Amino acid sequence: MLLPKMWRRTFTTVGDGPSSRALKDKRWDALVIGGGHNGLAAAAYLARGGLSVAVLERRHVIGGAAVTEELVPGFKFSRCSYLQSLLRPPVIKELELGRHGLKLLKTNPASFTPCLDGRYLMLGPDKELTHAEISKFSKRDADAYLRYEKQLENFCKFVDPLFDSAPPETSQEKSSFSDRIRDKSRRSVFWAHCLRRALDLGQNEMVNFMELLLSPASKVLNKWFETDVLKATLATNAVIGSKGSVHTPGSGYVLLHHVMGETDGAQGIWSFVEGGMGAVSSAIGNAAREAGAQIITNAEVSQLMLDEYGRAKGVLLADGSEVHSSIVLSNATPYRTFVELVPEDVLPDDFLRSVKNADYTSGTTKINVAIDRLPSFQSCKLGYPHAGPQHRGSIFISCESMEEIGSACQDAVNGVPSRRPFMEMTIPSVLDKTIAPPGKHVVNLFIQYTPYKPSDGSWMDPIYRKSFADRCFSLIDEYSPGFSSSVIGYDMLTPPDLEREIGLTGGNIFHGAMGLDSLFLMRPVKGWSNYRTPVQGLYLCGSGAHPGGGVMGAPGRNAAQIVLQDVKRSST
């Protein structure tokens, strides 16, 4: 049953912002386009740096893709993002997010993969449990997994420092001789630190690291393991949110990207957020407001305004209002920012071509489901009818082999939604008692693969949409009989829905693909990786900038640091 829109409520609250007149009459030190978590983080750091800041959010609620909404009466859903691990420790610590309401609920075990033959696999974070679980399939794999996990931890330590600062981009503006020397020295120090970490890692491990970055995830996992369900479960980290398959070269990096997070200092541990993912945005927003930032909802930006010299001077809102500032940070996607908001004939042709030709494709659909009872999995009934370990982490459906994931991807390549989509199911209400009525539960289904424009129908057709949702529910029934009959209501976001409602170009949850050609010094465009743009005074602070997608807060924090550096330099 598709929910009626009149029931939709949001639970990411905002304080009273200034009136329209006050917003227009004041000249702000900085404006932030978009109240997603990165935009809010940028605003918090800028306000803490002494700037007057206004955040302009198009929707009626802050959070962007990290938002909590009541989509079925009494059920509060993390409508897009649904798990936390990548939020950067400096952001949590510096903004005191715990004091502002952030509470993390660790998943344990990390994952549960049921099999149609009656077996199942549980993984982490308990090493003894993981070893025992994998040993059910292969003692060799159980021993190899400890070495595999240790290697990934070492690679994460190598990459991790890159996340919390801007890439060592060459200065894009004319500068004095002393500024050029300072810039060159800064870049030399950066690369010297990288070299030191590479030497500490050692040549053999650096070769293994490069193999992980460049190889398909399937090659990496086949090298380590023999058990199909283990390889498939691990491979999900390489393709979640991507349109690529486990056989796509470079998918190994996305695997690494999704295991480099932490919860309360515990490496690689994922967590639910009490109150839903909107609580992350709410906590960052509270920190921003406490520092003096103003957050205004229902304030859609239609165009960047420029002065006669081509410099940013503010934004034009959809209602015709003008808001003035010589500094504007965009938390929108690169495409939305540079193609739709910046006036025509302003940006260099090569820059604009690069932005337009970036990969914004998506193969993901999110279905948020309200159910009247916990799923009962045929292969594992621990604790049932009460919640057991099989309900507490990520549950991977139709994920028994990498070939199964590859077939699902090939369907989308052929232009149709996967006949047997693979799904990551989570049931956060098992740990978070604030988001569902007693005895009932919230289910997140992150589904792949679904083309933006299917060749056999349209996502605008209610019958076509329902048929796909029913296909997903029926597939879950194979592992958990009766799931379909437990559904009270649901909301579905296909790639076009994610683009229209959340502002994600192409429905891509990362603001652009996370391939090796779109990372670090090449994100969003080669030559412009340090959050500055060809328009003086315009900065990019969203996931389309380094270090990329996920609920990290790093792009917002890093962009704010660059802005504060530029403000300090211009005032001296």
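Presented here is a report on the structure given in the accompanying data block.

## Some words on the sheet that holds strand β7 (residues 111–114)
Right, on to step 1. Pairing is mixed in the open sheet, where seven strands are placed in the order β8-β7-β18-β19-β20-β17-β21. Two strands close off the open sheet at either side, each with one partner strand: β8 (120–123) and β21 (487–493). Each strand of the sheet is rotated relative to its neighbour by a mean of 20°, with strand direction disregarded.
Right, on to step 2. Of the strand pairs in this sheet, β7 and β8 are connected by four bridges, and their pairing is antiparallel. Considered in β8, the bridge of T113 is made with L121.

## Overview of helix α5 (residues 139–159)
Right, on to step 1. The terminal C-alpha atoms of α5 lie 31 Å apart, and with 21 residues this matches the ideal 30 Å at 1.5 Å per residue to within 8%.
Right, on to step 2. Among the residues of α5, D141, A142, A144, Y145, Y148, Q151, L152, F155, C156, F158 and V159 are the ones counted as buried.
Right, on to step 3. The N-capping residue of α5, defined by a side-chain oxygen 3.4 Å from the backbone nitrogen of R140, is S138.

## Some points on the pattern of salt bridges
Charged atoms that come close allow side chains of opposite charge to pair.
Right, on to step 1. Taken as a whole and judged by the stated rule, the model has 28 salt bridges.
Right, on to step 2. Between R79 and E501 there is a salt bridge, with the nearest N and O atoms lying 2.9 Å from each other. With R79 in the loop between β5 (75–78) and α3 (89–94) and E501 in helix α17 (residues 495–502), this residue pair connects regions lying 422 residues apart in the sequence.
Right, on to step 3. The exposure class of E501 is partly exposed, given its relative accessible area of 21%.
Right, on to step 4. When salt bridges with common partners are traced through the structure, they connect R59, E69, R79, D491 and E501 into a single cluster.

## Let's talk about the sheet that holds strand β13 (residues 301–306)
Right, on to step 1. Within the open sheet, the three strands sit side by side as β13-β14-β15. Their pairing is antiparallel. In this open sheet, the two edge strands, each paired with only one partner strand, are β13 and β15 (322–324). Going from strand to strand, the sheet's axes swing by 25° on average, the running direction of each strand aside.
Right, on to step 2. Relative to strand β14 (residues 312–317), β13 runs antiparallel, the two sharing five bridges. Residue Q303 lies in a different strand from β14, and its bridge partner there is L316.

Conventions used here
Residues numbered from 1 in each chain as written. Predicted model: local features only at pLDDT ≥ 70, side-chain atom pairs only at ≥ 80, totals over all residues. Heavy atoms only, no water. Pairing = 2+ DSSP bridges. Helix = DSSP H or I, 4+ residues; strand = E, 2+ residues; numbered from the N terminus. Axes fitted to C-alpha atoms, helices over the stretch in contact; angles between N-to-C directions. Expected span 1.5 Å × (residues − 1). Buried < 20%, exposed > 50% of the residue type's maximum accessible area, 1.4 Å probe, protein only. Polar contact = N/O pair within 3.5 Å; in protein donor to acceptor, adjacent residues only side chain to side chain. Salt bridge = Lys/Arg side-chain N within 4 Å of Asp/Glu carboxyl O.

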